[in-house]
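# A look at the structure
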Amino acid sequence: MKKLGIFFIAFLFSCQAWAQSTSSNSLIQISGIVVTADSLQPMPYASIIIKNTSRGVISDYFGFFTIVAKMNDTLEFTSLGYRKSSFVVPDTLTDQHYSLIQVLRPDTILLREAVIYPWPTKEQFKEAFKNLRIPDDDLARAQKNLDPAYMNYLADKMPMPGSMNYRAYMQQQSSKFYNAGAVPQTNLLNPLAWAKFIQQVKNGEFKRKYNAYEKGDE
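Residues numbered from 1 in each chain as written. Predicted model: local features only at pLDDT ≥ 70, side-chain atom pairs only at ≥ 80, totals over all residues. Heavy atoms only, no water.

### Observations regarding the nonpolar core
With 16 residues, the main nonpolar core has Ile30, Val34, Phe65, Leu75, Phe77 and Val89 as its most contacted residues. Contacts of valine 89, omitting those with residues within four sequence positions, involve Ile28, Ile30, Ala69, Lys70, Met71, Asn72, Asp73 and Leu75. (Core = buried A, V, L, I, M, F, W, Y, C linked by side-chain atoms within 4.5 Å. Buried < 20%, exposed > 50% of the residue type's maximum accessible area, 1.4 Å probe, protein only. Contact = heavy atoms within 4.5 Å.)

Listed below in C-alpha cells is the structure:
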C-alpha cells in the first residue's frame, strides 16, 4: 500500500512536469524578414498579425520583424498595395526559435477610365472651340515687330544717343554763330524747303507718321 502511494505521487509530479514542458515548448519566437515578390527587396512597415487575436507587430525599415506565437497559429502579413499572405506555425517544431522569409506579391487594382473635361457640356466646348484665339507663332510676331509704320513710330520715340545729341548741339551752335548780328533765316521763302515738303506729302510720309502715332496710342 505504501509503495502504491509513492508511485501515485511520482506519477503526479511527472505529469505536471510534462505539462509544463509542453506548455513552454508551444510558444515559438518567429523572426524573419518581409520581401517583395518582384524584386525581393525588403518591405518596410508591413503588418504582421496573429489571426483571431489582437496581437501583432510591424516590420522595421529593413523589413525585419519578430513575434511570439503558438503552434498552429496563423500569421497574416499585409501591406498597402500587396496581396494578403498568411503563414501557419507548424506543430512539429522542436526548437523555440524559427526563422521565416515571407514574400508578398503586388496587388494591382484596375480602375475605370475617368475623362475630365473643363466644360460641363459639349455645346459649351463647341462654343469655346469656335472662339478660341490661337496665339501668334514666331513668324507672325516677327512680322508685327518689323512693320515699317511701327518701326518709324519707334524711331520717332527713341531718344538720340550721346553722339547724335552732341552733333545736334554743335549744329545749333554753328547756326547761332553764323546768324550772329543778322536777321535769322526762314524757310518760308526757301524753294528747296518747299520742294522737299511737297515731295514728302506726295510720298505719304506724314500719313505714315500719323498712323504710327495712332497705333502707338492704342
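### Points about the environment of glutamine 200
Mapping glutamine 200 onto the fold places it in helix H6 (residues 191-203). Excluding anything up to four places from it in sequence, glutamine 200 contacts Glu205 and Phe206. (Helix = DSSP H or I, 4+ residues; strand = E, 2+ residues; numbered from the N terminus.)

### Some points on the pattern of salt bridges
Per the counting criterion, the structure on display carries three salt bridges. For aspartate 136, the salt bridge goes to lysine 144, with nearest N and O atoms at 2.8 Å. Note on aspartate 136: relative accessible area 33%, which makes it partly exposed. (Salt bridge = Lys/Arg side-chain N within 4 Å of Asp/Glu carboxyl O.)

### Some words on the confidence of the model for the protein
Residues with a pLDDT of 70 or more make up 84% of the protein, whose mean pLDDT is 80. Taken as a whole, residues 1-24 scores under 50 in pLDDT and shows one contact with residues more than four places along the chain or in a different chain. (pLDDT = per-residue confidence, 0-100.)

### Observations concerning the side chain of serine 59
Along the chain, serine 59 turns up in the loop between strand E3 (56-58) and strand E4 (64-70). With a relative accessible area of 2%, serine 59 lands in the buried category. There is a polar contact of 3.1 Å between the side chain of serine 59 and the backbone nitrogen of tyrosine 45. Not counting residues within four places of it along the chain, the set of residues in contact with serine 59 comprises Met43, Pro44, Tyr45, Ala46, Ile48, Phe64 and Phe65. (Polar contact = N/O pair within 3.5 Å; in protein donor to acceptor, adjacent residues only side chain to side chain.)

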